[in-house]
Amino acid sequence: MIKNKKIDWDNLGFNVIETRSMYEATFNSSGKWESRGLKPYGNISLSPASAVLNYGQGVFEGTKSFMSSKGQAVFFRLKDNARRFAASSKRLCIPEISTDFFIDAVNEVVKDNLDYIPDNDKGSLYIRPLVLGTGPMLGVKPAKTYTFLIFVTPVGSYFKSGLKYLDAVITKKYHRAAIKSIGSAKAIGNYSGTLLPYKEIVEKGFDEIIFLNSSNEDILDEARSANIFIIKDNILKTPALQGSILPGITRDSVLKIADGMLDLDIEEGDVTIDELLNADEVFFTGTAVVVAPVGSVSLDSRKYKYRRDFENSLTKQIRDSLLDIQNEKTKDPFDWITKVK
Ligand code: PMP
């Protein structure tokens, strides 16, 4: 496949690079989702009174297509993104898009942008579906019309300098989401509240922030856009999905890989600050970060350090197992991979 020469394929980061096309569907007075197909990547026009602009009635997804080691374009657990998109939509009173409609739409846009998928060792094509309440609404009520968009963009590593141990910090100043609110939906409104906390920790030299549970500040929730895991004495543990945490697809994959392929003991439950600070290994998971090792966690200006021996870590084994499945370097015992069709 001839690759676009304007793109620096060897130095992809995590930024928007415009591609050929994006997908659009609309929901209006007909009361059903109707595909509008592909259009050139570009701006959209919105009513200033749209529900998304005024009340944040919108949800999104994030998934990737890989050029696998077999030389074919594949998706990883796309159906799970479709299901989560529908679940998030339901929570925000957005008309749900069926799994098949979602999967067909993603295939359509990826197929038209195949030449934007980086080579196997250079990165992946990040896929961003979003659904927005576009109709005007003055009162706080669901919009009457909606737009479903999907854009794609080639990405390399989420972290500028490649894989490195992250210096994380626990915040007692901010929460990400309340347990009975919209934290478990991938709602656009969950992210703006993390901008200031993140800005403040970056100014202090940290890489990532860990939010505590809003009802119990002894236990962890997650990071801004990644779930958290600890390993202690070969037991892999992660916070249970109790309402304020996004049910990460990487999180679920790591649990299944650890249990089914690596024979680790797994636990989902309350992860206390003490357990975090006394862990052997700590890592974040997410579509963008994959499995990202944590080198230190700071709390109240004390820094707790973990062993930085990635080559001999369980974190590496988990990360490699996941990447090998995604890249079709190993067999896929869970049937997670589907071909772009
Ligand atoms: N938590 C939050 C708040 C997120 O936005 C994400 C990214 N989708 C994750 C966790 C990780 O989820 P996934 O593994 O499905 O990307």
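Residues numbered from 1 in each chain as written. Predicted model: local features only at pLDDT ≥ 70, side-chain atom pairs only at ≥ 80, totals over all residues. Heavy atoms only, no water.

Comments concerning the site of the ligand
How we decide: Proximity is defined per residue: if any heavy atom of the residue lies within 4 Å of a molecule or strand, that residue is considered near it. Two N or O atoms form a polar contact when they lie within 3.5 Å of each other; inside protein one atom must be a possible hydrogen donor and the other a possible acceptor, and for residues adjacent in sequence the pair counts only when both atoms belong to side chains. The Shrake-Rupley method, run with a 1.4 Å probe sphere, supplies the accessible areas, and residue values consider only the shown protein chains as cover. For the purposes of this entry, the term helix denotes a DSSP run of H or I that reaches at least four residues, the term strand denotes a run of E that reaches at least two, and both are numbered from the N terminus. Any residue outside Ala, Val, Leu, Ile, Met, Phe, Trp, Tyr, Cys, Pro, Asp, Glu, Lys and Arg is labelled polar, Gly included; the first ten of those are nonpolar and the last four are charged.
Neighbouring residues of the ligand: 16 residues in total, closest Tyr191, Glu222, Ile249, Thr250 and Thr287. The contact in question runs from an oxygen atom of the ligand to an N or O atom on the side chain of Arg84, over 2.8 Å. One nitrogen or oxygen atom from the side chain of Thr287 is found 2.6 Å from an oxygen atom belonging to the ligand. Burial of the ligand by the protein amounts to 97% of the accessible area it has alone, namely 390 Å². Among the elements of the structure, helix H6 (249-260) and strand E13 (281-286) are those that each provide at least two residues to the shell around the ligand. Of the residues contributing to the shell around the ligand, the split by class is four nonpolar, seven polar and five charged.

Notes on the packing of aromatic side chains
Short version of the rule: Each Phe, Tyr or Trp ring (for Trp, its six-membered ring) is paired with any other whose centre lies within 6.5 Å, and the angle between the two planes then decides the class: stacked below 30 degrees, edge-to-face above 60, tilted in between. Note on classification: 1.4 Å probe, protein chains only; a residue is buried when its accessible area is under 20% of the maximum for its type, exposed when over 50%, partly exposed between these limits. Whether a charge sits over a ring depends on NZ of Lys or CZ of Arg being within 6 Å of the ring centre and within 35 degrees of the ring normal.
Inspection of the entire model under this criterion finds 14 aromatic pairs. Arranged with centres 5.5 Å apart and planes meeting at 40°, the rings of Phe85 and Phe148 form a pair that is tilted. With a gap of 63 residues between them, Phe85 in helix H2 (residues 78-91) and Phe148 in strand E7 (residues 146-155) connect regions that are remote in the sequence. For the residue pair Phe85 and Phe148, the accessibility class agrees, reading buried in each case. Of the aromatic side chains, those joined through ring pairs into one cluster are Tyr23, Phe27, Trp33, Phe85, Phe102, Tyr146 and Phe148. The side chain of Arg224 reaches across the aromatic face of Tyr198, ending 3.5 Å from its centre.

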